[in-house]
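Fold and contact review
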Amino acid sequence: MSHDDVGPRTVMRSVAFLAAGALAVSVLVGCSADEDRSKPVAAQDIAPAARTVVADGGTLRWAVDAVPRTLNAFQADADASTTRVAGAVLPAMFRLDANGRPERNPDYLESAKVVSTEPRQVVVYRLNQQAVWSDGREIGADDFAAQWRALSGRDSAYWTARNAGYDRIENVERGANNLEVKVTFGKPYADWRSLFSPLYPKDVMGTANGFNDGARAALKATAGPFTLQGVDAKKGEVTLGRNPRWWGRPAKLDRIVLVAVPRDKRAAAIAAGSVDMAEIDPQDAGRIATAAKNKGSAAPQDSSPAATPQSASPGATAQSASPGATAESASPGATAESASPGATGQSALPGATASGGPSAAPGAAARKAQSEYVIRKSLEPAFTQLALNGSRAPLSDERVRRAVARALNREELAGLVLTPLRLPAVPVGSHLALSGQEAYADNSGALGDQDTGQAKELLSEAGWVPGGPVKEEKKTAGSGGKKAAGGKGAGDDGKNPVGEDDKGYRKDPGDHSKMQPGHKAGVPGAYAPKGTAAPGGNVKGALAKDGKALVLRFVLPSGPGSQTLRTVADRITRMLEKVGIRTEIVKVSDESYFKDHIASGDYDLALYSWPVSAFPATDARPIYAKPVPASDGTLSVEQNYTRVGTDQVDQLFDQAIATLNESEEHALMRKADARIWATASSIPLYQRPQLTAVRADLANAGSFGFQAPVYEDMGFLKKGVRPSASPSS
């Protein structure tokens with residue numbers, strides 16, 4: 001899926017995200033408190049323009065993946081289009097700035113602050129006195145109270161996808177008047193700014209029927225710069241019109257029409273001039289940029305990527321059943337990164353030949369139409385990772401996972417995807433934040449950089465020796481088939497997940513020459529003495545142990561839109577071969593990738609992406625929480641599809657969510673991140689590229705990066721006004 005305008009709060013709605021040693025705090029924290037503020041790796045690219053040079057009126061036709069299945073952002077089938085509509089028509093108390101940090105939205109809030117911490121945390125919201133719903137009723141405390149009751153989790157009649165934060169509230173009441181809202185928490189909640197964004201009217205949240213069915217296809221009352229004028233599923237359009245009751249800066253556009261255009265049809269839509277803005281893939285971006293350049297247009301053409309049409313890119317998702325995903329998957333928020341579904345299998349590397357399919361070179365008429373567009377590019381608030389399934393051998397052995405991690409050159413992998421696009425090829429250094437966000441610190445040192453010698457040594461310690469005897473395995477019916485959902489974690493017949501607490505380990509994260517007693521992360525036989533090999537025939541060059549060769553099953557989506565992932569996987573395979581690890585590439589349909597493989601644990605290695613939230617203590621925990629046995633005997637993994645976790649990581653999340661000291665919260669998140677790195681279960685690789693084709697005269701729109709779109713400022717430039725240059729030009 002593409003993350004166009006998908007806030008992580010929506011994508012990770014259903015929740016929403018080892019310790020390998022008693023690591024020194026100086027190693028874990030990365031930097032103390034907020035002493036070193038990072039900046040985004042790439043700036044947003046939206047051609048900013050003053051409102052005075054933006055014309056009044058006009059219609060923006062904006063390509064989306066699909067018409068939203070629901071307009072209720074708190075339901076399980078909410079998706080990217082749901083989020084886009086909500087951002088334009090509903091209140092948000094806080095929204096993200098260009099650095100991915102929450103900031104008060106003055107259109108709705110005069111102030112919001114913690115006024116008491118003892119005996120309870122109390123937050124008082126003072127609402128903008130002009131803020132009203134489209135039916136004329138003022139936005140007030142009763143709307144806040146209704147949303148809290150609906151999302152608290154106390155009434156099962158409400159079919160909610162997530163309750164995080166709302167379940168910690170004890171009471172919501174009116175203050176001095178209806179524009180003052182007093183929220184009392186039963187448990188301290190650090191991420192209180194994440195709540196009530198979006199805010200729905202009490203007519204939606206006040207009853208279970210209203211919540212479950214009343215806001216799926218229509219919204220009777222809205223309160224944004226735009227209103228919802230209609231949803232036409234047959235035409236594949238959602239129409240938003242300027243809100244006549246809007247009290248803020250008036251919207252420049254008359255209408256925004258969200259048009260459902262699949263990724264493989266967007267180049268054709270641009271050639272036909274039927275959309276004004278669309279996220280696209282690099283092969284199409286290259287053609288559009290070339291057409292614009294040949295026309296000799298204004299400065300923004302310089303912002304187009306240098307990628308040739310052969311450069312594939314992340315973009316579409318493996319199917320997701322989660323909120324925020326555009327197609328079905330068992331994983332809320334997790335996406336299998338892909339290029340355009342119409343990419344027809346071109347190589348992601350420069351020099352390959354693009355041919356055939358909808359993305360084939362356009363004719364003269366199409367090139368002329370494309371010359372009216374420019375490419376604006378940034379990086380999405382999401383990263384692609386290599387996931388290692390720790391629930392089964394050989395990756396249940398932490399030393400093998402570490403060997404895989406130490407074999408990787410993350411800089412090279414980031415460059416493979418981003419350098420052809422002229423985007424900064426900087427590897428992601430955190431699981432919980434991205435550069436620019438307050439909780440960010442590069443904690444990859446807790447695992448260590450690429451070191452093939454160290455990787456080989458780790459494998460040797462784990463008992464994997466070169467040229468060892470290998471037993472011929474008989475294939476049985478069902479081998480390689482999918483596991484039951486949830487799967488088993490390693491240890492005690494699956495009752496205990498992989499990863500234990502930090503006790504008994506050394507402080508040096510780079511020294512793994514000896515494993516300490518009491519480590520239970522493996523399965524029986526995983527810690528055979530160094531050099532042990534089972535009887536059987538020798539396989540030249542293979543690493544073997546207990547009669548089995550070291551081969552990892554690398555599962556990838558097979559669709560033509562997943563070429564970038566497969567190219568990255570090929571490079572990873574070559575890196576692993578250098579340390580003696582072989583891979584078996586297994587390609588599966590995009591539809592089954594998450595549901596039948598990632599979520600069910602039927603893989604050893606996999607590539608997929610996670611969006612990053614401004615509230616990691618809330619949203620990231622389910623991704624890294626220690627799996628626990630469920631009542632039916634299976635393992636409950638939430639969104640932790642690597643099935644590796646520790647009590648200490650969970651405790652750090654608990655501490656972070658309960659502190660009201662922001663610096664302390666960020667420090668705790670950095671510690672948790674370093675310990676996640678140390679487990680070598682999830683290896684962040686690169687931030688996903690975001691390429692958007694827009695009409696050259698469209699201002700304040702494009703590749704937004706972290707920042708929430710400011711819908712009222714979007715519009716077309718007045719005649720004679722030249723658009724501003726891209727920050728990357």
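Here the structure is shown first, and the text comes after it.
The notes below deal with the structure included here.

Definitions and cut-offs
Residues numbered from 1 in each chain as written. Predicted model: local features only at pLDDT ≥ 70, side-chain atom pairs only at ≥ 80, totals over all residues. Heavy atoms only, no water. Core = buried A, V, L, I, M, F, W, Y, C linked by side-chain atoms within 4.5 Å. Buried < 20%, exposed > 50% of the residue type's maximum accessible area, 1.4 Å probe, protein only. Helix = DSSP H or I, 4+ residues; strand = E, 2+ residues; numbered from the N terminus. Contact = heavy atoms within 4.5 Å. Salt bridge = Lys/Arg side-chain N within 4 Å of Asp/Glu carboxyl O. Phe/Tyr/Trp six-rings, centres within 6.5 Å; stacked < 30°, edge-to-face > 60°. Axes fitted to C-alpha atoms, helices over the stretch in contact; angles between N-to-C directions. Parallel < 35°, antiparallel > 145°, perpendicular 65-115°, else oblique. Left-handed = near helix turned anticlockwise from the far one by under 90°. Nonpolar A, V, L, I, M, F, W, Y, C, P; charged D, E, K, R; others polar. Pairing = 2+ DSSP bridges.

1. Observations regarding the nonpolar core
Ranked by internal contacts, the top residues of the largest apolar core, which has 110 residues, are Y125 and F196. Sorting elements by how many residues they give to this core places helix α4 (residues 141-151) first, with seven residues. The contacts of F196, once residues within four sequence positions are left out, are P91, A92, M93, Y125, F144, Q147, W148, Y166, I169 and V183. Core analysis: the next-biggest nonpolar cluster, separate from the first, contains 62 residues, I270, L388, L395 and A414 among them.

2. With respect to the pattern of salt bridges
Summed over the entire model, instances satisfying the criterion amount to 32 salt bridges. D142 serves as the salt-bridge partner of K202, at 2.9 Å between the closest nitrogen and oxygen. A residue pair is termed long-range when its members are at least 10 positions apart, and K202 in helix α5 (residues 202-205) and D142 in helix α4 qualify at 60 residues. A residue is classified by how much of its surface remains accessible, and K202, at 32% relative accessible area, is partly exposed.

3. Regarding the packing of aromatic side chains
Counting across every chain of the model gives 20 aromatic pairs. For the ring pair W62 and Y711, a centre distance of 6.2 Å and an interplane angle of 45 degrees mean the geometry is tilted. Of the two residues, W62 sits in strand β1 (residues 59-64) while Y711 sits in the loop between β24 (698-699) and β25 (715-716), which places them 649 residues apart along the sequence. Taking the relative accessible area as the measure of exposure, W62 reaches 4% and is therefore buried.

4. A short note on the packing of helix α17 (residues 647-658) against helix α18 (residues 662-679)
Contact geometry for α17 and α18: axes closest at 9 Å, N-to-C directions at 165 degrees. When the axis of α17 is compared with that of α18, the two are roughly antiparallel. Judged by the twist between their axes, the crossing of α17 over α18 is left-handed. Across from Q648, V649, L652, F653, Q655 and A656 in α17, the residues of α18 making contact are E665, L668, M669, K671, A672, R675 and I676. Partitioned by chemical class, the residues of the contact of α17 with α18 number eight nonpolar, two polar and three charged.

5. What to know about the environment of V123
Within the fold, V123 resides in strand β5 (residues 121-127). Judged by relative accessible area, V123 falls into the buried class, the value being 0%. Expressed as a C-alpha distance, the spacing of V123 and F185, which sit 62 residues apart in the sequence, is 8.3 Å. Those residues in contact with V123 that sit more than four places away from it in its chain are K113, V114, V181, K182, V183, F185 and W192.

6. Quick look at the sheet that holds strand β4 (residues 109-116)
Within the open sheet, the four strands sit side by side as β4-β5-β7-β6. Their pairing is antiparallel. Each of the sheet's edge strands pairs with one partner strand only, and the pair in question is β4 and β6 (169-174). Each adjacent strand pair in this sheet contributes to an overall mean axis angle of 15 degrees, direction not counted. Pairing of β6 with strand β7 (residues 180-185) involves five bridges; the strand directions are antiparallel. Considered in β7, the bridge of V172 is made with V183. α4 rests against β5, β6 and β7 of the sheet, and its axis sits at about 160 degrees to β6.

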